[in-house]
Amino acid sequence: MSAPARPPLTELLRRRILVLDGATGTLIQARGLDEADYRGEAFRDHPRELRGNHDLLCLTRPDVVAEVHRRYLEAGADLIETNTFSATRISQADYGLEDHCYAINRAAAEIARREADAWTARDPERPRYVAGSLGPTNRSASLSPVVEDPGRRAVEFDQLADAYEEAARGLMDGGADLLLIETVFDTLNCKAALYGIARLFAARGDSLPVAVSGTITDASGRTLSGQTVEAFWTSIHHFPLAAVGFNCALGAAELRPHLEELAALAPIPILCYPNAGLPDEFGEYRQGPEEMARLVGAFAADGLVNLVGGCCGTTPEHVAALAAAVAGRPPRTPPPPDGLPRFSGLEACVVRPDSNLVNIGERTNVTGSRRFARLILSGDYAGALAVAREQVENGAQILDVCMDEGMLDGVEAMRRFLRLLAAEPEIARVPLMIDSSDWAVIVAGLKNAQGKCLVNSLSLKDGEEAFRRRALEARRLGAAVVVMAFDEQGQADRAERRLEIAERAWRILVEELSFPPQDVVFDLNVLAVATGIPEHDRYALDFLQALAELKRRHPDCLASGGISNLSFAFRGLDAVREALHAVFLYHAVAAGLDLAIVNAGQLAVYDDLEPELREAAEDVVLARRPDAAERLTELAGRLRAAGSRPPAATPDWRRLPVTERLVHALVHGLDQHVEEDVAEAMAELGSPLAVIEGPLMAGMDRVGELFGSGRMFLPQVVKSARVMKKAVAWLEPHFAAGDRGNAAARGTIVLATVKGDVHDIGKNIVGVVLGCNGYRVVDLGVMTPLPRILAALREERADLLGLSGLITPSLEEMRLVA
């Protein structure tokens, strides 16, 4: 008899809130099975102990597994999970059963299919479904199993992908309706699962809906491998998922803020199946069905979920209570996709319409940094990581990593560096641009990064078939792509050729391969100017004109450029190079440039350029006069002969009044004299508070004005903030106790830099000022998760809350907190 016709599961998720079953292991353990049950006849002589391998029961005691399914179906579950949480080759290796994984998965799906179909036949108006469980395995692709060797891995990406593909094949052949990648603690493992499943679908010519459920391991709101909720979503949203959500690790109460964050981001259905509260000191889950149902029922009442269920410690009684709690509640309506370009490391980087230029640090590139190349070639990876850390500290929001050097094994160098980098949270928080002319090196990089990367680069120089193949592989590995203006005829240098190649690539990627427009980044070739060759004189202007037209035609795409290429003719003369870069960036950002590969620690302020040098650089970049290159070369010669940089815009700034000196130091990120200037200003103005509210705030106001108008970029703002921080740190001990007034009289304020942001200078200044005006200030620091903020407000009986952040996503986090 054929199975009753059922509506597609994806359609049902949008019609009503569905109910998933509870913990399979909890019911199996209650049966008190012995070794003989697990062995059965087929494994009677197996050399290893098998008791506890619940998945094997699908072959040896299918009656036990079927009974578990029946109990949950009777309790009201719409979906039952196959008993295959550990049924991958990697996990079953602990039992010596690697070669039985396909059979276990297929048998598990067949058992669940029979039970679901039987219940559907009883009540065709309430169809039941089978979710094929794909657990996280017991290995991590992002974390080392050995503390003293952070570069070691217990499993490789390809091993994971193969194992998940085999398990998914068994689940599909057994009749599953959905593939559920669950309890994801390492997003790289999940990406490998999605990669293997995509490969399976392509080979079979058919597919199933796929859902992903991550697990947040503590109140910080991060996965075990360190990703924030937004970074986790960003890393997996390349796959056309049917649903996404969280399970395990936490109870419903603790999971709520993280579920809310995901629900605000994901334009697809949300699932949630938490534990029965937090375990007690004996590992027991004590939360009863009524309490859990009340908490999960609130998720439904507030429009957060499309599917609910139970994880560790939950029973049929829990599932029955959950089903009653969500009955009649409308499912969550997913928000429309926002179409914003997103990248991620441990944290997300979102390019919004009002974003300032996104800076890609160029110094982790062996072809662009002699220091980095020397460190990598000598095997000094600790020194190479220090270079990466400097780039991030100086404001790089993405890191360009390139290992293209003739004396290097590029694949091995990329793999080793990225694995070591993953163990450095301050570096790994930013996304990566995997940069190579060797496709094998790019693939190796993508298979060792759990976040969403950029591939630098694709081009049409090897023809359209290679372009398509590589684009699809990059997409399957979860990356955005940078497309260079190259084709079979070579590199484009004129505006018309740049646009011609970009249009051809757009047609293939977006119109033919359905690549998301926001994941297409065009690099229209920043080429060297003022080389003495007249044909090169228009290279910068042609880039700017092509860029403006490209963004007019395709406003959803991104545009990038390697800025140091522009000034190769002036290698060794940093003053001229930085002037050309500052002028070019000023005009390129206005034309639509979104990302720039730069040395984040060496960006000149456009307004700070010496007037003669700025005019000469403008002439070259905009090709304003035929002798522009000759005039800049002549000026460069004078500067080289002088052996120094040109004088600053205000060469005698040290002779200015002290208040103006402080403003100048802040705008230009100069901290050498800040402490002596602050001391002088305090003596002149009479109090430390007057220094903060006077010249220091005036300087930061000027920085804000320049940043907002595109004449300063984030790395320069970070340098300014460091100067401010140093000034405030010197002033703070000079506040007398009396300066702070009667704190009790004014009240208590809690200050926090919100989760996802590490910038605290504004918060620190506000804290000092409020402290001097009679408030008791409780500073929670940076990267503060919502639960900690709420707890502090209660514990401190706060009257006010102050939230801080510099980057654009902080605004959304502030809204969530409010």
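Within every chain, residues take consecutive numbers counted from 1 along the sequence as written. pLDDT decides what is reported in this predicted model: residues at 70 or higher carry local features, side-chain atom pairs at 80 or more are listed and counted, and totals for whole chains, interfaces and linings draw on all residues regardless. Hydrogen atoms and water are omitted, and side-chain values are computed over all heavy atoms in the structure.

(A) Here's a closer look at the overall build of the protein chain. Numbering of helices and strands runs from the N terminus, with a helix taken as a DSSP run of H or I at least four residues long and a strand as a DSSP run of E at least two residues long. Looking only at helices and strands, one finds 32 helices and 23 strands in the protein chain. Each radius of gyration is computed over the set of C-alpha atoms, and the globule rule expresses the reference value as 2.2 Å times the number of residues to the power 0.38. For 818 residues, the compact-globule formula gives about 28 Å, and the C-alpha radius of gyration of the protein chain, at 30 Å, lands near that figure. A total of 818 residues make up the protein chain; the buried ones form 59% of that total. Contact definition: two residues touch when any of their heavy atoms are within 4.5 Å. Relative to all contacts within the protein chain whose residues are 6 or more apart in sequence, the contacts with residues 24 or more apart total 75%. Each residue's exposure class comes from its accessible area (1.4 Å probe, protein chains only) as a fraction of the maximum for that residue type: buried when under 20%, exposed when over 50%, partly exposed otherwise.

(B) Just the pattern of salt bridges, in detail. Here a salt bridge means any side-chain nitrogen of Lys or Arg lying within 4 Å of a carboxyl oxygen belonging to Asp or Glu. What the rule picks out here adds up to 65 salt bridges. Through salt bridges with shared partners, a single ionic network connects Glu464, Glu465, Arg468, Glu488, Arg504 and Glu512.

(C) Focus on the packing of aromatic side chains. Each Phe, Tyr or Trp ring (for Trp, its six-membered ring) is paired with any other whose centre lies within 6.5 Å, and the angle between the two planes then decides the class: stacked below 30 degrees, edge-to-face above 60, tilted in between. Per the counting criterion, the structure on display carries 6 aromatic pairs. For the ring pair Phe543 and Phe584, a centre distance of 5.4 Å and an interplane angle of 50° mean the geometry is tilted. Taken together, the residues Phe543 in helix 21 (residues 539–553) and Phe584 in helix 22 (residues 574–591) connect sequence positions 41 residues apart. Judged by centre distance (4.1 Å) and plane angle (15°), the rings of Tyr586 and Tyr606 are stacked. Of this pair, Tyr586 sits in helix 22 while Tyr606 sits in the loop between strand 20 (595–598) and helix 23 (611–621), and the two are 20 residues apart along the sequence. According to the relative accessible area criterion, Tyr606 is buried, its value standing at 12%. Lying across the ring of Phe568, Arg571 places its NZ or CZ 5.7 Å from the centre. Charges are assigned to positions over rings by a cutoff of 6 Å between ring centre and Lys NZ or Arg CZ, combined with an angular limit of 35 degrees from the ring normal. Positioned above the aromatic ring of Tyr606 is the side chain of Arg614, whose terminal nitrogen or guanidinium carbon lies 5.5 Å from the ring centre.

(D) Region of the structure containing the sheet that holds strand 22 (residues 776–779). For two strands to be treated as a pair, DSSP must find no fewer than two bridges joining them. Pairing is parallel in the open sheet, where 3 strands are placed in the order 22-21-23. Pairing within the sheet leaves two strands with one partner each, and these edge strands are strand 22 and strand 23 (800–804). Geometrically, the sheet is characterised by an average inter-axis angle of 20° between neighbouring strands, direction not taken into account. Note that strand 21 (residues 748–753) and strand 22 share 4 bridges and pair parallel. To obtain each axis, a line is fitted to C-alpha atoms, and for helices this fit is confined to the stretch in contact; angles are then taken between N-to-C directions over 0 to 180 degrees.

(E) Local environment of the sheet that holds strand 2 (residues 79–81). Spatially, 8 strands are ordered 1-8-7-6-5-4-3-2 in an open sheet, and the strand pairing comes out parallel. Only two strands of the sheet have a single neighbouring strand rather than two, namely strand 1 (18–19) and strand 2. Direction of pairing for strand 1 relative to strand 8 (residues 307–308): parallel, over a ladder of 2 bridges. By the bridge assignment for strand 8, Leu18 is matched with Leu307. Set on the sheet, helix 7 (residues 101–122) makes contact with strand 2 and strand 3 (129–134); between it and strand 3 the angle comes to about 155°. Most of the contacts of helix 11 (residues 252–265) go to strand 6 (residues 243–251), to which it runs at about 155°, and overall it touches strand 6 and strand 7 (270–275).

(F) Expanded view of helix 10 (residues 229–236). When you tally the buried positions in helix 10, you get 8 out of 8 residues, the bulk of the element. Listed in full, the buried residues belonging to helix 10 are Val229, Glu230, Ala231, Phe232, Trp233, Thr234, Ser235 and Ile236.

(G) Spatial organisation of helix 11. To estimate the expected span of a helix, count its residues, drop one, and scale the result by 1.5 Å. The terminal C-alpha atoms of helix 11 lie 19 Å apart, and with 14 residues this matches the ideal 20 Å at 1.5 Å per residue to within 8%. For a residue, the bend is simply the angle between two axes, fitted respectively to the seven-residue segment ending there and the seven-residue segment starting there. The largest bend in helix 11 is about 30°, located at His258. Within the sequence span of helix 11, burial applies to Ala252, Leu255, Pro257, His258, Leu259, Glu261, Leu262, Ala263 and Leu265.

(H) Examining the state of the cysteines more closely. By convention in this document, the label disulfide applies to cysteine sulfur atom pairs within 2.5 Å. Summed over the entire model, instances satisfying the criterion amount to 0 disulfides. In this structure Cys190 is a free cysteine whose sulfur lies 15 Å from that of Cys453, the closest cysteine sulfur available.

(I) Representation of empty space enclosed by the protein in the model. Method remark: on a 1 Å grid restricted to protein atoms, a set of points is classed as a cavity if a 1.4 Å probe fits but cannot get out and as a pocket if it is open with protein on both sides within 12 Å along at least five of seven lines; lining residues have an atom within 4 Å of a point. Grid points are joined across faces, edges and corners, and a volume is the space filled by probe spheres set on the points. Scanning the model with the defined rule gives 3 cavities of 30 Å³ or more in all. The leading source of residues in the lining of the largest cavity is helix 16 (residues 410–422), at 3 residues. Residue classes in the lining of the largest cavity are distributed as 13 nonpolar, 7 polar and no charged. Here the second largest cavity defines a volume of roughly 80 Å³. Lining the second largest cavity are Leu9, Leu13, Leu20, Leu79, Leu178, Leu180, Ala211, Ala242, Ala243, Leu271, Tyr273 and Leu307. Residues are grouped as follows: Ala, Val, Leu, Ile, Met, Phe, Trp, Tyr, Cys and Pro are nonpolar; Asp, Glu, Lys and Arg are charged; every other residue, Gly included, is polar. Its residues placed into classes, the lining of the second largest cavity shows 12 nonpolar, no polar and no charged.

(J) Local environment of the pairing of strand 6. Of all 9 residues making up strand 6, 8 are buried, and the element is well covered by its neighbours. Inspection of the sheet shows strand 5 (residues 210–214) paired to strand 6 by 4 bridges, in the parallel sense. Directly across from Gly214, in strand 6, lies its bridge partner Phe246. The handedness rule is simple: strands pointing away from the viewer, and a clockwise path from the first strand over the helix to the second, make the crossover right-handed. On the question of chirality, the crossover connecting strand 5 to the parallel strand 6 by way of helix 10 is right-handed. By the bridge criterion, 5 bridges tie strand 6 to strand 7 in an arrangement that is parallel. Each residue of the ladder has a partner; that of Val244, found in strand 7, is Ile270. Once the chain exits strand 6 it traverses helix 11 before rejoining the sheet at strand 7, and the crossover so formed is right-handed.

(K) Region of interest: the environment of Gly592. Here Gly592 is to be found in the loop between helix 22 and strand 20. A relative accessible area of 16% places Gly592 in the buried class. In the structure, Gly592 is positioned 43 residues away from Glu549 in sequence and 9.3 Å away in space, judged by C-alpha atoms. With near-sequence residues (within four places) excluded, Gly592 lies in contact with Leu547, Lys551 and Ala559.

(L) Spotlight on unusual backbone geometry. For the bond from Asn456 to Ser457, the omega torsion is 20°, close enough to zero to count as cis. Its location among the elements puts Ser457 in strand 14 (residues 454–458). The phi angle at Ser514 is positive, at roughly 60°, despite the residue not being glycine. As for its placement among the helices and strands, Ser514 is situated in the loop between helix 20 (495–512) and strand 18 (520–523). Non-glycine residue Ala530 carries a positive phi angle of around 55°. Among the structural elements, Ala530 can be located in the loop between strand 18 and helix 21. Note on Ala530: relative accessible area 7%, which makes it buried.

(M) Spotlight on the environment of Ala479. Checked against the element boundaries, Ala479 lands in the loop between helix 19 (464–476) and strand 15 (480–484). Excluding residues that lie within four positions of it along the chain, Ala479 makes contacts with Leu446, Cys453, Val455, Ala474 and Phe515.

(N) Examining the side chain of Asn247 more closely. The residue Asn247 is located in strand 6 in this model. Residue classification places Asn247 among the buried residues on the basis of a relative accessible area of 0%. We define a polar contact as two N or O atoms separated by no more than 3.5 Å, with the added condition that, inside protein, one atom must be a possible hydrogen donor and the other a possible acceptor, whereas residues neighbouring each other in sequence contribute only through side-chain atom pairs. A distance of 2.9 Å separates polar atoms of two side chains, one belonging to Asn247 and the other to Thr183. Leave out the neighbours within four places in its chain, and Asn247 touches Glu182, Thr183, Ser213, Gly214, Thr215, Tyr273 and Cys311.

(O) Main features of the packing of helix 18 (residues 439–446) against helix 19. Where helix 18 contacts helix 19, the two axes come as close as 10 Å, and the packing angle between them is 10°. By the angle between their axes, helix 18 is roughly parallel relative to helix 19. For the pair helix 18 and helix 19, the sense of crossing is left-handed. Facing Trp439, Val443 and Leu446 of helix 18, the residues of helix 19 in contact are Arg470, Glu473 and Ala474. For the contact of helix 18 with helix 19, the residue count by class is 4 nonpolar, no polar and 2 charged. By definition in this entry, angles of less than 35 degrees are roughly parallel, angles greater than 145 are roughly antiparallel, angles of 65 to 115 are roughly perpendicular, and the rest are oblique. Here a crossing is taken to be left-handed if its near helix is turned anticlockwise relative to the far helix by less than a right angle, and right-handed if that turn runs clockwise.

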